[in-house]
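Secondary and tertiary structure notes
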Amino acid sequence: MARRLDTRTTPAPGLAPGGNVFAALLAKARPLVMGVLNVTPDSFSDGGRFLDPQAAIAHARQLSAEGADILDIGAESTRPYGGAVSVPLDEERARLAPILPDVVALGVPVSIDTLKAAVAAWALDQGAAIVNDVWGLQRDPDMARVVAARGAAVIIMHNRDRADPAIDIVADVAAFFERSLVIAAHASIARERIALDPGIGFGKTAEQSLTCIARLDQWRGFGVPLIVGASRKRFIHSVAPSEPMERLGGSLAAHLLAVKNGASVVRVHDVAPTVQALAVAAAIRRAR
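Further remarks concern helix α10 (residues 248–260). Over its 13 residues, α10 extends 18 Å from the first C-alpha to the last, a length consistent with the 18 Å expected when each residue adds 1.5 Å. Contacts made by the buried residues of α10 are with α8 (206–214), β7 (227–228), α9 (234–239), β8 (265–268) and α11 (271–286).

Shown next, in the form of structure tokens:
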């Protein structure tokens, strides 16, 4: 019989009761960089590279040294273009168990990228501070309760089961966010612990992903930080044909414009080039 994960409601170690990791990070008054660590064999861009625990921990150290403000760890691929294999709960935790404590020990806030409330609960008990839910509290009915009980921060990402080129994607994202924020409010998740992500590439055509970045300011009225994860996504290929590892230029362009349009956080694979690009862009703005 598979062993159930511990779902106690103990606050995550390292995050004092009442503490707010988003507020602490945003006090830096600059765009934040979230570094991606995929502990999966089938991620669309770097599947299998960091499945070995020592390779994963070394990569986390590298991302931290390069300037990552947050480390986002996922052990189940949520590939935005389909084809991801569902991972059993125990296997997902088994991939994380030899890695997460060492990554938390680096002292950089850790986000757990998972669809499962039980995995989120376990990771928060290990010291993660943020839950990154690619279904925005709308898929696992226990996710909102877990986030609220532990006083964690949460990233609510827009998603769809399939792309529909006929819809108004900006309106669809807004309606999705509204539903998720109602769920969060009913669970007593404080508004200041929430960030919104339009989900570039998830349930969207390439044109809709471009629109989401171009019109990001449409969702600033929700009054919470906006996160954009455009790194290496396929919409870049639609503009400039390229393989995932060849999309650094497109990723930088997308994230610079996302910040210009209101993003507070960018989620990236290539931390050092992104940190440099954001610093130069800020210096140019100051020189005006």
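A word on the pattern of salt bridges. One side chain can pair with another of opposite charge once the charged atoms of both are near each other. This model, assessed by the stated rule, comprises twelve salt bridges. The salt bridge partner of Glu76 is Lys116, with a shortest N-O separation of 2.7 Å. Pair noted here: Glu76 is in the loop between β2 (70–74) and α3 (89–96) and Lys116 is in the loop between β3 (110–113) and α5 (117–125), with a separation of 40 residues, a long-range link. Residue Glu76 shares its accessibility class with Lys116, and that shared class is buried. Several salt bridges share partner residues, and in doing so they unite Lys28, Arg30 and Asp69 into one network.

Another aspect to go through is the packing of aromatic side chains. Within the structure shown, the criterion is met by two aromatic pairs. Their ring planes at 80 degrees and their centres at 6.2 Å tell us that Phe177 and Trp219 sit as a pair that is edge-to-face. Separated by 42 residues along the polypeptide, Phe177 in helix α7 (residues 169–186) and Trp219 in the loop between α8 and β7 bring together distant segments of the chain. When its relative accessible area of 0% is taken as the criterion, Phe177 is described as buried. Since its relative accessible area comes to 1%, Trp219 is described here as buried. Look at Phe177 and Phe222: their rings are 5.8 Å apart centre to centre, the planes differ by 85 degrees, and that puts the pair in the edge-to-face class. Taken together, the residues Phe177 in helix α7 and Phe222 in the loop between α8 and β7 connect sequence positions 45 residues apart.

The rules behind the values
Residues numbered from 1 in each chain as written. Predicted model: local features only at pLDDT ≥ 70, side-chain atom pairs only at ≥ 80, totals over all residues. Heavy atoms only, no water. Helix = DSSP H or I, 4+ residues; strand = E, 2+ residues; numbered from the N terminus. Expected span 1.5 Å × (residues − 1). Contact = heavy atoms within 4.5 Å. Salt bridge = Lys/Arg side-chain N within 4 Å of Asp/Glu carboxyl O. Buried < 20%, exposed > 50% of the residue type's maximum accessible area, 1.4 Å probe, protein only. Phe/Tyr/Trp six-rings, centres within 6.5 Å; stacked < 30°, edge-to-face > 60°.

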